[in-house]
Amino acid sequence: MKISELRSEYHKQICENIVWVKSDKGVQYPNFADSSSRTSRRIALGVHKRINCGNHSPSAIPEQEVGRRFEETTRLFIKESLSLINHLRPAEWIYSTYPITEFDQHAHLAELERISKDNKELASVLGVDYIIKPDIVIGRHPVSDQEINRHEQPILDPEDKVVQYSPLRQRGQSSKPILHASISCKWTIRSDRSQNTRTEALNLIRNRKGHTPHIAAVTAEPLPTRIASLALGTGDLDCVYHIALPELEESIAELKNEDQGDMLRTLIQGKRLRDISDLPFDLVI
């Protein structure tokens, strides 16, 4: 299977299980549009048409359920895509929703949280927002000595006192998986709700012991000016990924909306916005 086919299947699952068409005073629009914005509704309809949603339209879905389905559909797309290109970065990957304390770089935060709960004064100083449970977590298992030495010439000898601290080398049951990526899924972006993604990203960066994982966000938001509230700037998120970036470009071009078109070009040319198909390739870097 090609990545383009997986992408089409991803859109099919979104159309069949997540997107539903709202109607307000005779005006119809998909549920990733902002009902109060005519531009948002028109762009969303263009994307809806271009990803071939057609007549696929489940009945109204609660917002929380939309988010859960979006996370799961995106997780499966990433898992299947990475399996196609696993030869580019071989590993035994984990795809889950574990809290970050289950991974090597952030395991120490579990003890810090326990101490904070027992000491209110300390909690007021340190804060309590350490334990993050990202929407999608990608990790990799440590590697056994047998796997490291699988070629004819051994690389490691258990008797040698070398490579004693790297989390990549498995050391019995005490070894924890390594956090490779944290991905936030935002079906839509409203400026007042998007900033918790940045907060989670900064916590991942500041409170780690070890390398920084990939930190990304995936969205179906139709307005580039809204996407910009999350995508612009550097230092926290690696990049934002749209479920259908070429289709979004075409929809905005069709409407000849200069403001949204200019912002979209700024985000793309500034390497702050990419298509969902780029995400698995970026994750193997």
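Residues numbered from 1 in each chain as written. Predicted model: local features only at pLDDT ≥ 70, side-chain atom pairs only at ≥ 80, totals over all residues. Heavy atoms only, no water.

**Regarding the pattern of salt bridges**
Going through the model one piece at a time under the given rule, you end up with 15 salt bridges. In this structure, D145 engages R169 in a salt bridge whose closest nitrogen and oxygen atoms are separated by 2.8 Å. In this pair, D145 sits in helix α6 (residues 145-148) while R169 sits in the loop between α6 and β5 (178-186), placing the two residues 24 residues apart along the sequence. Its salt-bridge partner being R190, residue E221 comes within 2.6 Å of it at the nearest N-O pair. Taken as a pair, E221 in the loop between β6 (214-219) and α8 (224-231) and R190 in the loop between β5 and α7 (191-206) lie far apart in primary sequence, 31 residues in all. We note that E221, like R190, is buried. Salt bridges sharing partners connect three or more residues here, namely K49, R50, E250 and E254. (Salt bridge = Lys/Arg side-chain N within 4 Å of Asp/Glu carboxyl O. Helix = DSSP H or I, 4+ residues; strand = E, 2+ residues; numbered from the N terminus. Buried < 20%, exposed > 50% of the residue type's maximum accessible area, 1.4 Å probe, protein only.)

**Description of the nonpolar core**
I78, I138, W187, V218 and L279 are the most contacted members of the largest nonpolar core, which totals 68 residues. Leaving out residues up to four positions away in the same chain, L279 has contacts with I78, I183, A216, V218 and Y241. (Core = buried A, V, L, I, M, F, W, Y, C linked by side-chain atoms within 4.5 Å. Contact = heavy atoms within 4.5 Å.)

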